[in-house]
Amino acid sequence: MNDSERKLVRILYNHFSKNRCMPGWTFLIRSTGKTKPQLIDTLDGLQATSVLTWSEQEPTTIQLLQLPEQHKKTPAVSADRYYTEY
């Protein structure tokens, strides 16, 4: 997945998580800085790689099939470690 595809998936996931609906064209154009034909090409590319499905011309029908990659968290370190390990 290239950067524009990854950015679009993150925008879609975050918008759905917050609003419980998929965004419309105006929100996607404003958030990504891309034109509608560029967004359609990106969505078609994501559909070809089985990341999402959508019906043509309507972004509110997008269904994410794969969640975006999450950042790995580092394991927690005990606060006592500084005093107990020399």
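These numbers were taken from a predicted model, which means no experiment stands behind them.

(A) Spotlight on the pattern of salt bridges. Inspection of every chain in the model, using the stated rule, returns 1 salt bridge. Of the charged contacts in the structure, one is a salt bridge between D3 and R6, with a shortest N-O distance of 3.0 Å. Within this pair, D3 and its partner R6 are both found in helix α1 (residues 3–19), separated by 3 residues, close to a single helical turn. Overall, D3 belongs to the exposed group, its relative accessible area being 58%. R6 sits in the partly exposed class, given a relative accessible area of 38%.

(B) Geometry of the environment of M22. For M22, the position within the fold is in the loop between α1 and α2 (25–32). A residue is classified by how much of its surface remains accessible, and M22, at 11% relative accessible area, is buried. Remark: the alpha-carbon pair of M22 and T61, spanning 39 residues in sequence, is separated by 7.2 Å. In this structure, M22 is in contact with L12, H15, F16, P59, T60, I62 and L64, ignoring residues within four places of it in sequence.

What counts, and where the lines are drawn
- Residues numbered from 1 in each chain as written.
- Predicted model: local features only at pLDDT ≥ 70, side-chain atom pairs only at ≥ 80, totals over all residues.
- Heavy atoms only, no water.
- Salt bridge = Lys/Arg side-chain N within 4 Å of Asp/Glu carboxyl O.
- Helix = DSSP H or I, 4+ residues; strand = E, 2+ residues; numbered from the N terminus.
- Buried < 20%, exposed > 50% of the residue type's maximum accessible area, 1.4 Å probe, protein only.
- Contact = heavy atoms within 4.5 Å.

On their own, these measurements won't tell you what the molecule is for.
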